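# Chains, contacts and geometry: an overview
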Amino acid sequence: MTTTHPVEHLRLILRQVPGAIWATDTELRVTYVHGHPPMLQEGASTRLVGTTVYDFVQTHDPTEPVIAHHLAALVGGRQSFEYSRRARSFDVLIEPLRDDHGVIVGCVGAAIDVSDRREAAAELAKVQSETTEKLQRTVSLLEATLDSTADGLLVVDLEGRVSAYNNRFLKLWKIQPPPGPLSTDRELLSEVFHQLVDPQGFLDRVRVLYAAVAEEAFDELHFKDGRIFERYSMPQKIGDEVVGRVWSFRDVTEREALLRRATFIAGASRLLASLDVEKGLRAVVNLAVPDLGEMCAIDLIQEGIPRRIAVAGGDGDNEPSPELHPSVLAGHQTTYTHGHRSQIGIPLISRDTVIGAITLVAPAGRTFNDSDRELLDELGQRVALSIDNAWLYDGARRALSSRDEFLSIAAHEIRGPLTSLHMAVQGLLRGSLSQNATEKALEIIERADRRLGQFVDELLDLGRIRTGQLHFNLEEVDLGTVLRDAVSRVSGELTQSGSEVNVKTEGNLVGQWDRFRLEQVLINLVTNAIKYGEGKPIEISAIESGHRVRITVVDHGIGIDSAMLTTIFDPFQRAVTARHYGGLGLGLHIAKTIVEGMGGNITVESHLGAGATFTVELPMSEKK
Amino acid sequence: MDNHSILIVDDDDDVRKMLCFVLSAEGYAAVEAHDGVEALELMDTDGPPALAVVDLMMPRMDGEELIRKMRQNPALAETPIAVVSGRATPSTGLAVGAHLVKPVEIGELLAVVHRLSGVAAVQTVKGGR
């Protein structure tokens, strides 16, 4: 067999490769075979040399691909094609065979089994396609997330070119969706950063963050229109490499407003905890300005007239109007205009009564909105509550102090008779007293006994009055008789003081009264006349007039300070200081209660040093 | 009133009377005044007593004021004073010889009077019953 040099070489090489090699002459007769050419049809003989390619494919059809490729090679065309047979794939190469003169003397073919490689490639393509699909789903999910988040997002690369953003970002910054694709973030924001209170500060910060490529940052942005954004910025990384920056913006205006309001209320409550009302109110008005309004004033109604307790924010001539709006005084929160400003009045209500008001003036061009009004309602409630507390505390303190005073005076009142009683008994026991002294001592004991008993009765009466248990037993009573009885009961004191008593009666003095209580009143008035009468004459009269009687008890003693005349019938009041006179002044309070309880009234006229005149008027009977 | 008299100043008639009776029974010469004004008038006319027993709570002029006025008067500045009051502890800043608390124990009263007045009970005349 004659083979050209290249074939022998090919054979050596192809021995390393799974495949076959063959050579033919110009008639496609096989001159050399190595391996098993795949085109071999089933049943072809194993001894191939001498057979033809036509025999391989069992046809002489020149269009049959295998034959066509060989024929093409015989005329000089290098053939490279794929061939599949029995689920195996082959790469086939057919070349013309030339002799030393370049004349085609046949062709040589080689076929390499590339089935495995093909399978791997197909597998790879499949995986790639699956991966791409996953990626697309992820991207789609990401995009959906981007658009559904409440935060505005902007992603830029290291040069500041926009790689992604969402609609929320455009909306937050009020950027009109631009007609073309966005270019750099700087262009974007240069349109809108003037909305900020501090645009320069904003730009500086951005510059700093771009320089510190890997830094995370959290800032607050304040807008001129009052909005507040939180801005979070972080680097965008792929693995460890920073490839860009993510900016996220969140509108926290409402949250901040709620927070501010809650803080305000908490602050105001703390200030109002002071029991010093004026101090608390002054602190509150200063807290309210300028957050809630430009000016704030608190007025309290004292003796029917609003009085300004605290004011903040105004200068001397510029203040919330001192006249409270009538509907505020009627207990309603009212917004109205005064001057050229919007003003709001919040009534302070304690136990169903308007005790004052808070007035706020809005800054020029602004008005109060619903959430302002809610906040102010709450403030008004707390202020009213704190004022009420302070008053209650004050009242309790005064009551306690008054009670302490009472206890101290009560002790004194008891001590007097007790002292003389004690000494009288001791003196008698010692047996050293003279006859006269002994008689006097016994009288003193009797008197002390009576004084103490009377005091106890007064205390009990006071208790009854307090608990509403003072009962009247009305019957037909002759006032003249009762009057004379009363005078005779105090005859001891009368003689002791040296006062002369003159009793005058006129008209029919029989009426429907409580005998016991009536006598109690008269004894009290006469006793006072004796006590403070300085031994001077006392005139008592009882005169009927119409369907009423008028009783007067006149003394010419030390008199009563006109300043005390209004309080003299209050319990625990003394018309003289405790230092100079003992006594609780319960008697007059009880007397007044009794007289008024029987449908009458009691009054006093007096001047210091000129004695006193007590006048009691009573209806003849309770039925008017 | 003379240098041997004890002046009793108290607005409560019964207390004042008992003080006088008790002291008289022990042989002292007791003189009474209804309040500070009356006391000063008496001392003005009759001269200082051996001892003034002064109640603190009185009308027109109370005990403290009376004592102050006495101290300001050279004639009365050295007069011994015993103060009587309802309070357990002395409240006045004024220097007084003794402080008696109501209700007064006769024994205590007599001891104080004896000590401060420098007057011996002249005659211990036990009066008849």
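Up top you'll find the structure we're talking about.
The rules behind these values
- Residues numbered from 1 in each chain as written.
- Chains lettered and ligands numbered in written order.
- Predicted model: local features only at pLDDT ≥ 70, side-chain atom pairs only at ≥ 80, totals over all residues.
- Heavy atoms only, no water.
- Core = buried A, V, L, I, M, F, W, Y, C linked by side-chain atoms within 4.5 Å.
- Buried < 20%, exposed > 50% of the residue type's maximum accessible area, 1.4 Å probe, protein only.
- Helix = DSSP H or I, 4+ residues; strand = E, 2+ residues; numbered from the N terminus.
- Contact = heavy atoms within 4.5 Å.
- Pairing = 2+ DSSP bridges.
- Right-handed = clockwise from strand over helix to strand, strands pointing away.
- Axes fitted to C-alpha atoms, helices over the stretch in contact; angles between N-to-C directions.
- Parallel < 35°, antiparallel > 145°, perpendicular 65-115°, else oblique.
- Left-handed = near helix turned anticlockwise from the far one by under 90°.
- Nonpolar A, V, L, I, M, F, W, Y, C, P; charged D, E, K, R; others polar.

### Thoughts on the nonpolar core
Residues and elements named next belong to chain A. One finds L479, W513, L518, L522, L525, F614 and L618 to be the most contacted residues of the largest nonpolar core, which totals 45 residues. At the level of elements, α12 (435-466), α13 (479-489), α15 (515-531), β19 (538-545), β20 (548-555), α16 (586-597), β21 (601-606) and β22 (612-619) are the ones that each hand at least two residues to this core. In this structure, L479 is in contact with L509, W513, L518, L522, A542, V549 and I551, ignoring residues within four places of it in sequence.

### Observations concerning the pairing of strand β1 (residues 5-9) of chain B
Residues and elements named next belong to chain B. Across the 5 residues of β1, 5 count as buried, placing the element largely inside the fold. Residues S5, L7 and V9 point to one face of β1 and I6 and I8 to the other, with burial holding for every one of them. Sheet topology note: the β1/strand β2 (residues 29-33) ladder contains 5 bridges and is parallel. What sits directly across from I6, in β2, is A30. Each parallel crossover has a hand, and for β1 linked through helix α1 (residues 13-25) to β2 it is right-handed. Sheet analysis places β1 next to strand β3 (residues 51-55), joined by 4 bridges and oriented parallel.

### Here's the deal with the packing of α13 of chain A against α15 of chain A
All names here are of chain A. As a packed pair, α13 and α15 sit with axes 9 Å apart at the nearest point and diverge in direction by 50°. When the interaxial angle is binned, α13 and α15 end up oblique. α13 and α15 meet at a crossing whose hand is right-handed. Judged by residue contacts, L479, V482, L483, D485, A486 and R489 of α13 engage R515, L518, E519, L522 and I523 from α15. Tallied by class, residues from the contact of α13 with α15 come to 7 nonpolar, no polar and 4 charged.

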